[in-house]
Amino acid sequence: MNIRLIIGTLLVALTGTQTVSAQQVLTLKDALHYALTHSEAVKKAQLDVEGGKHQVAEVRASALPQIEVNSALNYNPVIGKLVFAGQSVTIGQPWDSYVGAQLNQQVFNQQVFTGLKAAKTTGEFYELSADLTEEQVIERVATNYYQVLVNREQLNVIDTNLKNVRVIYEIVSNQYENGLAKKIDVDRIRVNITNLETQREELVNGIVMLENQLKYTMGMPIETAIVLPETELKEVPMALDLPEQPNGMDHLVELNLMSKQLELLDLQHKAYRAEYFPTLALVSNYTYTAMSDRFNYLYKSSEDPIAARFGSMVIGLSLRIPIFNGFATRARMGQAKVDYLKAEQDLWNTKQSLSLANENARIQLRNALNTIGSQRENVRLAQEVYESTQNNYNNGLAPLTDLLDTENALTQAQNSYTQALLNYKIAEIQLKKASGEIKSLINE
């Protein structure tokens, strides 16, 4: 039995070692690189770019020569006749077949020319859309990443407080057994411990959910174990050196994408207007026909005059001039104009929104940094007050109520400091996003 116990213990130890070694230490930079490679949203955006290339190729194909081949084999059980000068002449033979090729090349078609201009713009639109998707993924991953760190930090605070309260519980319990403390004091501390244990359990579950959300956003398997370095959250500057005025907005991907959409809507309006233009195309076809009164003479040499084989060819220009289509074109142009004006208004609103977000993020960043300094000092003072009160309580100079109050005050100060760190990081992300520099997080 002892040997079995030893073997079992070794197996458990080895399994635990493998589990720990399988955990992946994940910095923010690593998480962002992983997300840009594995995120479903990024992959889909890249597929949209690839699909856009095929759409562009389809539009360009309309300007290239269109060639088709067609053939047929017919049996005519009843042959028509033509009456000429009082005599009837049979037209055709019981059997006939033909094979032909047709060429159609657009010479002038304003809709095709406009479509070619739109093809290049469409490709650029999909590329900008993919860039915007990457920025959105970076924003979500960074935000989720810091939320996990903050909750882990709050878990450390609860664990420390639980350790302190349990020490107090042991002291008060011993005092109660010796008649130096009241039972209500023991019960109050026990209630405090139960509350902290409940908070800890809820926080542990919340961390698991946040980690799963982070891995889902990254495109990482949910079962992958990860470890986040705490230093990623606590590295904040002592002071900010922000420019007084935000940078220009011309480089923002979101605005460039909307501008490209305006170009496409303008080209759509021009494409509808091109319906008023005439179209000219080069048309050519060649047909080879065989006719006979018997099937086998269609495909073999024969001097039978009843069998005939001949070719024909046509080369010409096809001109189409639109006259009136019930004002359908005018209606389509009106709809396209409305769509363009709406998109133009959306662009203006987005510029205002990004400008507001930029300014608000700058303000929030300054406030968060000031709050971090204040809360850091507050934590130091709360720690000193707690230690002094604990010493006084141990020496019988302070009641238990004061000790528990200072312990709660220390917990609140630590959580407020951690929340201030998160607010700073979130404001930093929002400022980088509004400034078009969010991809700089990849290289930090």
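The shown structure was predicted, so the numbers you read here are calculated from the model rather than taken from an experiment. (Residues numbered from 1 in each chain as written. Predicted model: local features only at pLDDT ≥ 70, side-chain atom pairs only at ≥ 80, totals over all residues. Heavy atoms only, no water.)

Asker: Which residues make up the overall build of the protein, and what are the values?
Answerer: Secondary structure assignment for the protein yields nine helices and eight strands. For the protein, long-range pairs separated by at least 24 residues make up 81% of all intrachain contacts whose partners lie at least 6 apart in sequence. Per element, the accessible surface of the protein, about 26,800 Å² overall, is 55% carbon and sulfur. (Helix = DSSP H or I, 4+ residues; strand = E, 2+ residues; numbered from the N terminus. Contact = heavy atoms within 4.5 Å. Areas by Shrake-Rupley, 256 points an atom, 1.4 Å probe, with all protein chains shown as cover.)

Asker: So, the packing of helix α8 (residues 328–394) against helix α9 (residues 400–434): which residues are in play, and what are the values?
Answerer: Running from amino to carboxyl end, α8 crosses α9 at an angle of 160 degrees, the nearest separation of the two axes being 7 Å. As the angle between them shows, α8 and α9 are arranged roughly antiparallel. Where α8 crosses over α9, the two elements pack in a sense that is left-handed. Looking at side-chain class alone, the contact of α8 with α9 contains 24 nonpolar, 13 polar and five charged residues. (Axes fitted to C-alpha atoms, helices over the stretch in contact; angles between N-to-C directions. Parallel < 35°, antiparallel > 145°, perpendicular 65-115°, else oblique. Left-handed = near helix turned anticlockwise from the far one by under 90°. Nonpolar A, V, L, I, M, F, W, Y, C, P; charged D, E, K, R; others polar.)

Asker: Residues and numbers for the nonpolar core, please.
Answerer: If you look at the biggest cluster of nonpolar residues, it comprises 33 residues, and the most contacted ones within it are Ile168, Val172, Ile189, Ile372, Leu400, Leu403 and Tyr424. Only α4 (110–177), α5 (183–218), α8 and α9 provide two or more residues apiece to this core. Discounting residues that sit within four places of it in the chain, Leu400 has contacts with Ile168, Val172, Asp185, Ile189 and Tyr393. Core analysis: the next-biggest nonpolar cluster, separate from the first, contains 26 residues, Leu36, Val150, Leu422 and Leu441 among them. (Core = buried A, V, L, I, M, F, W, Y, C linked by side-chain atoms within 4.5 Å. Buried < 20%, exposed > 50% of the residue type's maximum accessible area, 1.4 Å probe, protein only.)

Asker: Summarise the confidence of the model for the protein; cite the residues concerned and give the values.
Answerer: Note: predicted coordinates in regions of low pLDDT should not be interpreted at a detailed level. On average, residues of the protein score 84 in pLDDT, and 89% of them reach the 70 mark or higher. Model confidence for the protein, summarised as mean pLDDT per element, is weakest for helix α1 (residues 2–22) at 39 and strongest for strand β2 (residues 66–75) at 93. Segment residues 1–21: pLDDT under 50, and zero contacts once partners within four positions in sequence are set aside and those in other chains are kept. (pLDDT = per-residue confidence, 0-100.)

Asker: Report on the pattern of salt bridges, specifying residues and quantitative values.
Answerer: Two side chains bearing opposite charge may form a pair once their charged atoms approach each other closely. Throughout the structure, instances matching the rule amount to 15 salt bridges. Residues Asp266 and Lys270 are paired through a salt bridge, measuring 3.5 Å at the closest nitrogen-oxygen approach. Of this pair, Asp266 and Lys270 are both found in helix α7 (residues 253–273), four residues apart, which corresponds to roughly one turn of the helix. Accessibility expressed as a relative area gives 35% for Lys270, which makes it partly exposed. Among the ionic pairs, Glu377 bridges to Arg380, the shortest N-O distance being 2.3 Å. Of this pair, Glu377 and Arg380 both sit in helix α8, three residues apart, roughly one helical turn. Here Glu377 falls in the partly exposed class, since its relative accessible area comes to 36%. A single salt-bridge network, built from bridges that share partners, covers Glu124, Lys260 and Glu263. (Salt bridge = Lys/Arg side-chain N within 4 Å of Asp/Glu carboxyl O.)

Asker: Describe the sheet that holds β2, and please don't skip the residues or the numbers.
Answerer: Pairing is antiparallel in the open sheet, where four strands are placed in the order β2-β5-β7-β8. Both outer strands of the open sheet, β2 and β8 (308–320), are each paired with one neighbouring strand and no more. Adjacent strand axes in the sheet meet at a mean angle of 15 degrees when their direction is disregarded. When strand β7 (residues 279–292) meets β8, the two strands line up antiparallel, connected through 13 bridges. Paired with Ala281 across the strands is Ser318, a residue of β8. (Pairing = 2+ DSSP bridges.)

Asker: Describe α9, naming the residues involved and giving the relevant values.
Answerer: With 35 residues, α9 extends 51 Å between its outermost C-alpha atoms, agreeing within 8% with the 51 Å of an ideal straight helix rising 1.5 Å per residue. Count one or two residues on from α9 and you reach Gly436, which has phi positive near 75 degrees. (Expected span 1.5 Å × (residues − 1).)

Asker: Which residues make up the side chain of Thr121, and what are the values?
Answerer: Structurally, Thr121 is set in helix α4. Among residues more than four places away in sequence, those in contact with Thr121 are Lys260, Glu263, Leu264 and Leu267.

Asker: How would you explain unusual backbone geometry if you had to name every residue and give the values?
Answerer: With phi around 65 degrees, Phe327 is a residue other than glycine that occupies positive phi space. Following the sequence through the fold, Phe327 ends up in the loop between β8 and α8. Accessibility expressed as a relative area gives 46% for Phe327, which makes it partly exposed.

Asker: How would you sum up the packing of helix α2 (residues 28–38) against helix α3 (residues 40–61)? Please name residues and give values.
Answerer: Two elements in contact, α2 and α3, have axes whose closest approach is 6 Å; the angle formed by their N-to-C orientations is 45 degrees. Relative to α3, α2 is oriented oblique. Together, Ala35, Leu36, Thr37 and His38 of α2 and Glu40, Val42, Lys43 and Gln46 of α3 make up the contact between the two elements. Residues belonging to the contact of α2 with α3 are distributed by class as follows: three nonpolar, three polar and two charged.

Asker: How would you sum up the side chain of Thr289? Please name residues and give values.
Answerer: The residue Thr289 is located in strand β7 in this model. When its relative accessible area of 15% is taken as the criterion, Thr289 is described as buried. Every residue in contact with Thr289, bar those within four places of it in the chain, is listed here: Ser97, Tyr98, Ala308, Arg309 and Phe310.

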